[in-house]
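Chains, contacts and geometry: an overview
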Amino acid sequence: MNKVRDRVALWSTILLLGLAWPALAHVGSPNVFFEGEAGPHPIRVVIRPPPVVPGLAQISVRVKNTGPHQVQVLPVKWDAGRKGAPPPDSATLVRGETNLYSAELWFMTTGAYGVLVRVESSAGKGEAIVPITALATRRLVMTPLMTGVLSGLGLLLVALLASIARAALSESLLEPGSLPTRRRLRGGRLAALAAMIFITGALYGGYRWWGAVDRHFVSNRLYRSPQTTLTLSERDGHRALRLAIDDPRWERHQRSPLIPDHGKLMHLFLVRQPGLDVFAHLHPSGRDDRLFDTALPPLPEGEYLTFADITHETGASQTLTGRVRIGPGASPASWHHSEISPDPTDAWHASHPVGTGAAPSPSVPSQPYQVRWEALSSVVAGVDLSLSFQVVDANGQPAPLELYMGMPGHAVILHEDSSVFTHLHPQGTASMASLMTFAKRELDINAVRRLDDLICGVDTQESRVHFPYAFPKPGRYRVWFQAKARGQIVTGAFEVTVAAPS
Amino acid sequence: MPPLETAGSRIRDTAPTAIPWFIYLAAIGVTGIPVGVLWDISWHSTIGRDTFWTPAHLCIHAGGLIPGLTCIALILRLTFWGTDREKAGAVRIWGFHGPLGAWVVVWGNLAMLTSAPFDDWWHDAYGLDVEIISPPHSVLALGMFGVALGVLLLVLACQNNIEESKQARASLLFNDVAGVLITMLAIMMTEETFPNQQHSGLFYGIIASTFPVYLALISRASKGNWGATRSAAIYMGIMAGALWILPLFRGQPMLAPIYSPVTHMVPPAFPLLLILPAALFDLLIQRFGKGRIPWWRVLLLAIPLGALFVGTMLPAQWHFSKFLISDSAQNRFFAGRAFYPYFSRPGPYQKEFWLRNRSAAQPKDIALAAGLGIAASAVGLGIGGWMTRVRR
Ligand SMILES: [Cu+2]
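Residues numbered from 1 in each chain as written. Chains lettered and ligands numbered in written order. Predicted model: local features only at pLDDT ≥ 70, side-chain atom pairs only at ≥ 80, totals over all residues. Heavy atoms only, no water.

1. Points about the overall build of chain B
Scanning chain B from terminus to terminus reveals 13 helices and 2 strands. Here the C-alpha atoms of chain B give a radius of gyration of 22 Å, agreeing with the 21 Å that 2.2 N^0.38 yields for 392 residues. Projected onto the principal axes, the alpha-carbon positions of chain B cover approximately 70 × 50 × 35 Å. When the 392 residues of chain B are sorted by exposure, 60% land in the buried category. A fraction of 77% describes how many contacts in chain B between residues 6 or more apart in sequence connect residues 24 or more apart. Here chain B displays about 15900 Å² of accessible surface, and carbon together with sulfur accounts for 68% of that area. The centroid of the 28 positive side-chain charges in chain B is displaced by 9 Å from the centroid of its 20 negative side-chain charges. (Helix = DSSP H or I, 4+ residues; strand = E, 2+ residues; numbered from the N terminus. Rg over C-alpha atoms; globule rule 2.2 N^0.38 Å. Buried < 20%, exposed > 50% of the residue type's maximum accessible area, 1.4 Å probe, protein only. Contact = heavy atoms within 4.5 Å. Areas by Shrake-Rupley, 256 points an atom, 1.4 Å probe, with all protein chains shown as cover. Lys, Arg positive; Asp, Glu negative; His and termini not counted. Charge placed at Lys NZ, Arg CZ, Asp CG, Glu CD.)

This is how it looks when you write it as C-alpha cells:
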C-alpha cells in the first residue's frame with residue numbers, strides 16, 4: 001500500500017505532474033456538447049470522454065454548412081497550451097454523412113483540457129475550443145469470463161512451475177539415461193513444494209498489490225462529486241443558507257482558485273425531493289475558499305438536494321452535491337436576511353410533482369410569461385437533440401428576452417432518481433467561464449470576440465432558445481428553463497420520459 | 001520403456017560435438033526481449049501513442065515467440081519422434097519429453113500470454129499506464145524472465161555436456177544469454193536507478209540485493225573464465241547501443257500535454273558500471289569458487305563478494321552519477337539527462353539528486369547494502385553450483 005503511494009509520489013516528483021484536484025461539471029452526464037462557430041463554420045461538437053485516464057476520447061464534429069470541409073482536432077492541456085500539443089489529428093467523414101466528422105484523441109493526464117477544433121473549407125478557416133475535464137469516472141469490475149480465463153491460465157502456470165521445479169532438482173541433474181535415486185526424487189518433490197509455496201506467496205502478494213492499486217484508484221483518482229454540508233440559520237424571521245465544502249479530498253488536494261461564471265462564483269440549485277417540484281437557483285457569495293453564504297428564499301418545507309456549480313482558474317468546472325432539510329418558514333413574504341442580502345439574479349419556482357402531469361408540458365404558468373417547450377417526437381437516450389424553448393406572454397406573443405446572467409437562457413436537467421444533473425447553455429454543457437478561459441488562452445483575438453458576441457449578442461427578439469444535448473440514460477427527467485423578459489426572471493418546469501435505445 | 005541404465009551408459013560414451021542450431025536460434029531470438037523493451041520505453045517517452053503493432057512490441061513478441069516456438073517444436077519432436085537415447089537426455093513432464101530449459105521457456109511464454117488479456121483489462125480499468133511496474137507488467141516481466149532463463153538453461157546444459165574442445169564456445173553463448181538476463185533486470189529497475197537516485201541509500205540497497213545473484217551464478221556456472229565480466233559487458237553493450245542508436249532517429253510526441261518537446265527517440269540513461277564488480281567476482285570465483293565446494297566455503301566466499309560489490313559500485317556510481325547529471329555529460333556519448341520523456345517538465349530537479357527529504361546514503365545504509373550484497377552473492381553462488389550440475 002505504501003509502495004503504491006511511494007511510487008505515485010516518486011513519479012509526481014519526477015514528472016512534477018502535481019496532484020491537481022480533478023473537477024467534473026455535471027453529475028452522471030459526462031459527455032460534452034458544444035454549439036458554436038469555427039470561423040465561418042457553424043459547428044456542433046460532441047465529446048465522449050474516456051472513462052479512465054489515460055484514455056481515448058471520441059470526438060464528433062458536425063459542420064452546419066456545405067462542404068467539403070477539412071476538420072482537425074487537437075488536445076490542449078490547460079497548463080501546456082498549444083505549444084505542448086502534438087500535431088493535430090484529421091477527423092474523418094462518418095460513412096453515409098456529408099458533414100459529420102469523427103476523431104479520437106488521447107487524454108493522458110487528469111485535469112482541464114480544451115479540444116481545439118479547426119475547420120477549413122472554401123468558405124475559409126476558423127477555430128473553436130471546447131473545454132473538457134479528463135478524469136476517471138468508472139471503476140471496472142472483471143467479468144466472470146475474464147476471471148475464469150485468467151484463473152485457468154494462472155492454475156496452469158502454477159502446476160507447470162511445480163513440475164519444472166521437481167524436474168530441476170531431480171531428473172535434470174542426472175547423466176542422460178540414468179535413473180534418479182530415492183534421495184534425488186525426494187529433493188525433486190521438496191523443490192516442487194517450495195515452488196508451490198513460493199508462487200502462492202507471489203500470487204497473494206500480487207493480489208494485495210492489486211488491491212492497493214485499486215484502493216488508491218478509488219480514493220484518489222476515481223471522480224466523485226465533492227460532498228458539501230448545508231446549514232440553515234435564522235434571525236428575525238430571515239433565513240440564510242451556508243454551504244461548506246467539507247469533503248476531505250478537497251482539503252487534501254492542491255487545487256486552483258475559483259473564477260466567476262456568469263459573474264457568480266457559485267451557482268447553487270436546490271430541488272425538493274422526491275417530487276422535484278420546487279426549484280431554486282441561487283448565487284451564494286464566498287466567505288473564503290470553502291464557505292459560501294446566501295439568503296434563502298421562502299421555499300416550502302421539505303428535503304432538498306443541492307447542486308453547486310463552480311469553475312476553476314484552469315478552466316475545469318465541477319458540480320458539488322449535498323442535501324439540506326428546510327423547515328417551515330417564519331414569514332414567507334420577505335426573505336431578506338438581516339446580514340445577507342439576496343442576489344437579484346436569484347430565482348425560485350414551484351410546480352406539480354414529477355410524474356403527475358402530462359409530459360412534456362409547462363407546469364404552473366409563471367405569470368405574466370409562459371415558457372413553451374417545443375415538443376420532441378421521441379426522446380431516446382444517447383441521441384443528439386436540440387432542446388428548444390420559447391417564452392410567450394399571456395396573449396401567446398413572443399416575449400422580448402434579455403440576457404439572464406450573460407446568457408439568453410439556462411436549462412437545468414435532473415433525472416428523477418437524481419443520478420443525472422446538468423446545467424446547459426445555448427453554447428452547450430461547458431460553463432461560460434471555462435469557454436472564455438480557454439478561448440482567451442488559445443484562440444486569436446477575433447475568435448474570442450466572436451465567441452463573446454455569440455454568447456452575449458444572441459438575437460433575443462426571437463424569444464426562442466436552443467440547447468444541444470443528449471440524455472445519457474433512459475428514465476424520467478425534469479427540465480427547467482430559465483430566461484429573463486422585461487426585467488423578470490421566467491422559469492418553466494417540464495418533464496420528459498427518455499426511452500432506452502432499441 | 002527400455003532399461004535406461006544400460007541405455008545411459010552407452011550415451012555417455014559420446015558427448016555432443018556441436019552446439020545444435022536451435023540453441024543458436026533461441027539465443028539470438030531472446031535478445032529481442034530487452035531490445036524490444038528498451039525500444040518500447042523509448043517509444044512511450046518520445047511518441048507516446050501506441051498500438052499492438054508498434055515495431056517495439058513486435059520485437060518483444062518475437063523475442064518471446066522465437067525461443068517459445070523453437071522449444072515447443074523441440075518438445076514435440078522429442079516426444080513423438082525422438083529416439084530412446086534422445087529421450088533419455090531430457091526431462092519428462094506430463095508425459096512429454098524436453099530439456100529443462102525448453103520447459104522453462106514454454107512456461108515463460110505461457111506467462112507472457114497470460115499477461116496480455118490482464119494488461120488489456122488493466123488499461124481499461126485504471127487507464128493506460130505510465131509506470132513500468134504494475135501487476136500485469138509483473139506477470140509479463142516474469143514471463144520474459146522465464147523465457148530468458150529457459151534459454152540460459154538450454155545453453156547451460158549444452159555447455160555442460162559438450163565435448164571439451166567446444167566448451168569455450170558454448171560458454172561464450174552462455175555468457176551472452178546471461179547478459180540478456182542482466183539487461184532485463186536492469187530495465188526492470190529503471191525507475192529506481194536513474195542517475196539522480198544514485199546518492200540515496202535505497203539505490204545501493206536495491207542494486208546490492210539483485211545484481212550479485214547474477215554475477216555470482218554466471219561466474220560460477222561458466223566453464224570459461226571471465227564469465228561475469230563478459231555478461232556485464234554484454235549488458236553495458238546493449239544499453240549503450242540503445243543509448244547511441246535511438247537518438248539517431250527522429251520522433252515526435254503524438255500526445256498532449258508535451259512539457260519537453262523532444263525531437264528524436266529518447267535514449268535510456270547510461271548503464272551502471274557493472275563490469276567493475278563483475279571482474280572482481282570473476283577473479284575471486286576463478287580462484288576459490290569453481291567446481292564442487294562445500295556449503296561453508298560458499299558462505300565464506302559470499303562475504304568478500306558482497307563487500308566488493310558495494311565497495312566498487314559505491315565510489316563508481318557515486319562519482320559517475322555526479323558527472324552524468326552535470327552539464328559535462330550532455331553529449332551524444334553519455335546522453336546524461338537525455339532520458340527524460342516528453343511528459344516530464346524541465347526543471348532544476350533534473351540536475352539534482354532526488355533524496356525525497358532524506359539525506360544521501362549514510363554508513364548504515366551502506367552497511368545494509370553490503371549485507372544484502374553478501375546474501376545475494378551466497379544465493380547466486382548456490383544457484384551457480386546447481387547450474388554446474390545441470391545435464392539435461
Ligand atoms: Cu447558467
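2. So, the packing of helix α2 (residues 21-30) of chain B against helix α4 (residues 55-81) of chain B
Angle between the axes and distance between the axes are the two parameters that describe a pair of packed helices. Residue and element names in this part refer to chain B. For the pair α2 and α4, interaxial distance at closest approach is 7 Å and the crossing angle is 160°. Accordingly, the angle class assigned to the pair α2 and α4 is roughly antiparallel. The chirality of how α2 crosses α4 is left-handed. When α2 is examined against α4, the residues Phe 22, Leu 25, Ala 26, Gly 29 and Val 30 are found in contact with a partner set consisting of Ala 62, Gly 63, Ile 66, Pro 67, Thr 70 and Leu 74. Residues that form the contact of α2 with α4 fall into these classes: 8 nonpolar, 3 polar and no charged. (Axes fitted to C-alpha atoms, helices over the stretch in contact; angles between N-to-C directions. Parallel < 35°, antiparallel > 145°, perpendicular 65-115°, else oblique. Left-handed = near helix turned anticlockwise from the far one by under 90°. Nonpolar A, V, L, I, M, F, W, Y, C, P; charged D, E, K, R; others polar.)

3. Looking at the interface of chain A and chain B
The extent of an interface is frequently quoted as the accessible surface area lost upon association of the parts. If you look at the interface, chain A gives 60 residues, while chain B gives 62 residues. Counting across the interface, chain A meets chain B through 0 salt bridges. Across the contact surface, chain A and chain B share 10 residue pairs in polar contact (both at pLDDT 80 or more). Put simply, the parts of the chain that give the side of chain A that touches chain B at least two residues each are α1 (2-15), β4 (70-77), α2 (144-169) and α3 (182-221) of chain A. When residues of the side of chain A that touches chain B are assigned to their parent elements, the largest contribution, 14 residues, is made by α2 of chain A. When the residues that make up the side of chain A that touches chain B are grouped by side-chain class, the tally is 41 nonpolar, 7 polar and 12 charged. (Salt bridge = Lys/Arg side-chain N within 4 Å of Asp/Glu carboxyl O. Polar contact = N/O pair within 3.5 Å; in protein donor to acceptor, adjacent residues only side chain to side chain.)

4. Focus on the pairing of β4 of chain A
Residue and element names in this part refer to chain A. Counting buried positions over the 8 residues of β4 gives 6, a clear majority of the element. Sheet topology note: the β4/strand β8 (residues 111-121) ladder contains 8 bridges and is antiparallel. What sits directly across from Lys 77, in β8, is Tyr 113. Inspection of the sheet shows β4 paired to strand β5 (residues 89-90) by 2 bridges, in the antiparallel sense. In the sheet register, Gln 72 faces β5, and the bridge partner there is Ser 90. (Pairing = 2+ DSSP bridges.)

5. Things to note about the packing of aromatic side chains
All told, the structure shown has 40 aromatic pairs over all chains when counted by the stated rule. The interplanar angle of 55° and the centroid separation of 4.7 Å between the aromatic rings of Phe 471 of chain A and Tyr 477 of chain A together place this pair among those described as tilted. Judged by relative accessible area, Tyr 477 of chain A falls into the buried class, the value being 0%. Members of the aromatic cluster, each reached through a chain of ring pairs, are Trp 210 and Phe 217 of chain A together with Phe 118, Trp 121, Trp 122 and Tyr 126 of chain B. Lying over the aromatic face of Phe 438 of chain A, Arg 441 of chain A brings its terminal NZ or CZ to 4.7 Å of the ring centre. (Phe/Tyr/Trp six-rings, centres within 6.5 Å; stacked < 30°, edge-to-face > 60°. Lys NZ or Arg CZ within 6 Å of the ring centre and 35° of its normal.)

6. Thoughts on the confidence of the model for chain A
Residues and elements named next belong to chain A. Considering every residue of chain A, the mean pLDDT works out to 78; 86% of them sit at 70 or more. Contacts for the low-pLDDT stretch residues 1-23, under 50 throughout, to residues beyond four places or in other chains number 59 contacts. A low-confidence stretch, residues 331-339 stays under pLDDT 50, and its non-local contacts, those more than four residues away or across chains, total 22 contacts. (pLDDT = per-residue confidence, 0-100.)

7. Overview of the sheet that holds strand β3 (residues 55-63) of chain A
Residues and elements named next belong to chain A. With antiparallel pairing, the 5 strands of this open sheet are ordered in space as β1-β2-β3-β7-β6. Strands at the two margins of the open sheet, each flanked by one partner only, are β1 (32-38) and β6 (92-93). Where β1 and strand β2 (residues 41-48) come together, 7 bridges link them in antiparallel fashion. By the bridge assignment for β2, Gly 36 is matched with Ile 43.

8. Notes on unusual backbone geometry
Between Gln 273 of chain A and the following residue, Pro 274 of chain A, the backbone shows a cis peptide bond with an omega angle of -5°. Examined against the element boundaries, Pro 274 of chain A turns out to sit in the loop between β13 (267-273) and β14 (278-282). Positive phi outside glycine occurs at Leu 276 of chain A, with the angle close to 55°. Here Leu 276 of chain A is to be found in the loop between β13 and β14. At Trp 94 of chain B, a residue that is not glycine, the phi angle is positive and equals roughly 50°. Within the secondary structure, Trp 94 of chain B is located in the loop between β1 (91-93) and β2 (96-98).

9. As for the sheet that holds strand β9 (residues 124-134) of chain A
All names here are of chain A. The 4 strands are arranged β5-β4-β8-β9 in an open sheet whose pairing can be described as antiparallel. Single-partner strands in this sheet number two, and they are β5 and β9. Note that β8 and β9 share 11 bridges and pair antiparallel. Within the sheet, the bridge partner assigned to Gly 111 lies in β9 and is Ala 134.

10. Here we look at the side chain of Thr 319 of chain A
All names here are of chain A. Inspection of the secondary structure puts Thr 319 in strand β18 (residues 317-326). By relative accessible area, which is 0% here, Thr 319 ends up buried. Within the structure, Thr 319 has its side chain in polar contact with the side chain of Asp 309 (distance 2.8 Å).

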